[in-house]
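# Structural characterization, general
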Amino acid sequence: MNINLAVVKGDGIGPEIVEEGEKVLNKIGEMYGHTFTYTDILAGGCAIDATGEPLPAESVKIAKESDSVLLGAVGGPKWDTLPGHLRPERALLGLRSELGLFANVRPAKLYDALADACPLKPEISKEGLDLVIVRELIGGLYFGERGRRDAGEMGEEAFDELKYNVKEVERIGRVAFEMARKRDRKKVTSVDKANVIETSRLWRETMHKLAQEYPDVEFEDMLVDNCAMQLVRNPGQFDVIVTENMFGDILSDEASMTTGSIGMLPSSSLGETTRGMYEPIHGSAPDIAGQNKANPIATILSCAMMLRDSFNLLDEAKCIESAVAKVLDDGFRTGDIMDEGGKLLGTKEMGDKIVSYLTK
Ligand code: IPM
Ligand code: MN
């Protein structure tokens, strides 16, 4: 296959980790006879510096013409004081909505080799943890109307609108049910706040109707506050969690930490087509940028997700995932997952190690 990727190296550790992702893809290309072509596009802080805006139109155009987008990380303290519409985060939100990527999939899996890195008590972590958060990505609070107004003697007031329609809930619900169908436990937990907010009541009604089309999938609702608690009390109970944009943002950070390091977790964002955007779920880590310290595994695993989800290259994806698991089993670590007896590697060396473990 010839695969054209638009690449957002981004800010902070972004360029370093993306380089390792490309290294792994190139080796996979050699092994399986694919060609990857990369077109760098500007987005985030570096785009603000170069052009004055976080997401230049040219970047969106190239992303739309690509087969998929690979993204490192955007943002950093340098741009934190800019007004909302000029922040680097707008680039991420803009790419997601321009490409119609409504379904964000964030798997949280505890690797055997990293069991000690799990901050939960051993009696909890020994039950294992292998869940996926399916987050609605282009609706809800992050895309509603917002603004400021005068509230008289109460001073200035800010507002953010939260709305969801049936179609938006159905399409993300389907992603979750279809995914659960392909997994061993076949269970969907729909997370909402239906005891208080109206969007959640519509969400719940819609999910219940949808669940009837999937009698082979076990289905339950859970309130978001309870879910936050259950994720640390008994994460082993979850298989597929489906939820709205903001709840998914928060719960996916929580779930990632239970796996030991946010530096390990990949994500995919997909819409109606096979063009997706693949990125690690961690941020740009400006404190360690440029020091060859960042963990490239989340980005490398995002490349594996891309091969599977966008290009249906199942063997190639498995090849990368097995190499990562073996490298960890053999005790190789980056700083964020370092443990007693671990062999510490830098970003580049970890990338090289994973490449050397790729076998058909
Ligand atoms: C994430 C991030 C983004 C989000 C920010 C940077 C806009 O936190 O991908 O989870 O909230 O979606
Ligand atoms: Mn987030």
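Look up a bit, the structure's there.
Not measured: the values here are computed from a predicted model. In every chain, residue numbers begin from 1 and rise along the written sequence. Whichever chain is written first becomes A and whichever ligand is written first becomes 1, with later ones labelled in order. Confidence filtering applies because this is a predicted model: local features only for residues at pLDDT of at least 70, side-chain atom pairs given and counted only at 80 or more, and all residues used for totals across whole chains, interfaces and linings. Side-chain calculation: all heavy atoms of the structure are included, whereas hydrogens and water are not.

Time to look at the overall build of the protein chain. Runs of E in the DSSP output that reach at least two residues are strands. Runs of H or I that reach at least four are helices, and both are numbered from the N terminus. Counting its secondary structure elements, the protein chain contains 12 helices and 14 strands. For 360 residues, the compact-globule formula gives about 21 Å, and the C-alpha radius of gyration of the protein chain, at 20 Å, lands near that figure. Relative accessibility under 20% of the residue-type maximum defines a buried residue, over 50% an exposed one, and the middle range a partly exposed one, all with a 1.4 Å probe and only protein chains included. Relative to its full complement of 360 residues, the protein chain shows a buried share of 52%. By the convention used here, residues are in contact when the closest approach between their heavy atoms is within 4.5 Å. Of all intrachain contacts in the protein chain linking residues separated by at least 6 positions in sequence, the fraction that spans at least 24 positions is 75%. A total of about 15800 Å² of accessible surface is found on the protein chain, and carbon and sulfur atoms cover 51% of it. The reference for a compact globule is 2.2 Å times residues^0.38; the radius of gyration itself is calculated from the C-alpha atoms. Using a 1.4 Å probe, the Shrake-Rupley method yields the accessible areas, and only the shown protein chains count as cover for residues.

In this section: the packing of helix H1 (residues 14-32) against helix H11 (residues 314-329). Each axis is a line fitted through C-alpha atoms, taken for helices only over the stretch in contact, and angles between the N-to-C directions span 0 to 180 degrees. At their nearest, the axes of H1 and H11 sit 11 Å apart, and the two run at 130 degrees to each other. Classified by the interaxial angle, the pair formed by H1 and H11 is oblique. Once H1 is placed against H11, the crossing between them reads as right-handed. On H11, the residues that touch Val-24, Ile-28, Met-31 and Tyr-32 of H1 are Asp-315, Glu-316, Cys-319 and Ile-320. Broken down by class, the residue content of the contact of H1 with H11 amounts to 6 nonpolar, no polar and 2 charged. Any angle from 65 to 115 degrees is called roughly perpendicular, while one under 35 is roughly parallel, one over 145 is roughly antiparallel, and all others are oblique. For a crossing to be left-handed, the near helix must be turned anticlockwise from the far one by less than a right angle; the clockwise case is right-handed. Residue type decides the class: Asp, Glu, Lys and Arg count as charged, Ala, Val, Leu, Ile, Met, Phe, Trp, Tyr, Cys and Pro as nonpolar, and the leftover types, Gly among them, as polar.

On to the site of ligand 1. In the region of ligand 1, the neighbouring residues are Glu-89, Leu-92, Arg-96, Arg-106, Arg-135, Tyr-142 and Asp-249. Each polar contact in these results corresponds to two N or O atoms within 3.5 Å; when the atoms are within protein, one needs to be able to donate a hydrogen and the other to accept it, and residues that are neighboring in sequence are counted only if both atoms are side-chain atoms. Interatomic distance of 2.8 Å between a side-chain N/O atom of Arg-106 and an oxygen atom of ligand 1. Contact with the protein chains covers 76% of the free accessible surface of ligand 1, which is 320 Å². Here the shell around ligand 1 gets 3 residues from one element, more than from any other, and that element is helix H4 (residues 89-98). Taken together, the residues of the shell around ligand 1 sort by class into 2 nonpolar, no polar and 5 charged. Working definition: residue near molecule or strand if any one of its non-hydrogen atoms lies within 4 Å of it.

Considering the arrangement of structural elements, one finds Ser-268 in strand S11 (residues 266-270). In this structure Ser-268 comes out as buried when scored by relative accessible area, which is 1%.

Quick look at the packing of aromatic side chains now. Any two rings among Phe, Tyr and Trp, with Trp reduced to its six-membered ring, count as a pair given centres within 6.5 Å; such a pair is stacked if its planes are under 30 degrees apart, edge-to-face if over 60, and tilted if neither. Applying the stated criterion across every chain yields a total of 4 aromatic pairs. Both rings, one in Phe-177 and one in Tyr-214, keep their centres 4.8 Å apart while their planes meet at 15 degrees; by these two values the pair is stacked. On the criterion of sequence distance, the pair formed by Phe-177 in helix H6 (residues 166-181) and Tyr-214 in the loop between helix H7 (198-211) and strand S9 (218-223) is long-range, its members being 37 residues apart. For the pair shown, Phe-177 and Tyr-214 are each scored as buried. With 5.7 Å between their ring centres and 35 degrees between their planes, Phe-177 and Phe-219 make a pair best called tilted. Of this pair, Phe-177 sits in helix H6 while Phe-219 sits in strand S9, and the two are 42 residues apart along the sequence. A relative accessible area of 22% means that Phe-219 is categorised as partly exposed.

Before going further, it helps to spend a moment on the pairing of strand S12 (residues 277-280). Burial along S12 is two-sided: the residues Met-277 and Glu-279 and Tyr-278 and Pro-280 are all buried. At least two DSSP bridges between two strands are required for those strands to pair. Two strands pair when backbone bridges link them, and strand S3 (residues 68-73) and S12 are joined in this way by 2 bridges, in the parallel orientation. Along S12, the bridge assignment pairs Val-69 with Met-277. Bridging between S11 and S12 involves 4 bridges; their strand directions are antiparallel. Note that in S12 the partner of Ser-268 across the bridge is Tyr-278. With antiparallel pairing between neighbouring strands as the criterion, S11 and S12 make up a hairpin whose turn holds 6 residues.

Attention now goes to helix H3 (residues 57-65). Every buried residue of H3 is accounted for by Ser-59, Val-60, Ile-62 and Ala-63. The arc enclosing the buried residues of H3, seen along the axis, measures out at 165 degrees, which places them on a common side. Seen from the open side of H3, the exposed residues pointing more than 90 degrees away from its buried face are Ala-57, Glu-58 and Glu-65. Its buried side turned inward, H3 meets strand S1 (2-10), strand S2 (35-40), S3 and H4. Throughout, the arc means the angular range of directions from the helix axis out to the C-beta atoms.

Below, the discussion takes up the nonpolar core. Remark: nonpolar core denotes a set of buried residues (Ala, Val, Leu, Ile, Met, Phe, Trp, Tyr, Cys) joined through side-chain atoms within 4.5 Å. By size, the foremost hydrophobic cluster in this structure holds 81 residues, and its most contacted members are Leu-307 and Ile-354. The element that contributes the greatest number of residues to this core is helix H10 (residues 297-309), accounting for 8 residues. Beyond its immediate sequence surroundings of up to four residues, Ile-354 is in contact with Val-24, Ile-297, Ile-300, Ala-323, Val-324 and Val-327. One finds Ala-6, Ala-91, Leu-99 and Met-277 within the second-largest nonpolar core, a separate group that totals 17 residues.

All right, on to the sheet that holds S2 then. Spatially, S2-S1-S3-S12-S11-S4-S5-S10-S8-S9 is the arrangement adopted by the 10 strands of the open sheet, whose pairing is mixed. Every interior strand has two partners, whereas the edge strands, S2 and S9, have only one. On average, each strand axis in the sheet is inclined to that of its neighbour by 25 degrees, with strand direction left out of account. The sheet contact formed by S1 and S3 spans 5 bridges and is parallel. Directly across from Ala-6, in S3, lies its bridge partner Val-69. Strand contacts of H4: S1, S3, strand S4 (103-109), strand S5 (130-136) and S12, with the helix running at about 150 degrees to S12, the strand carrying the most contacts.

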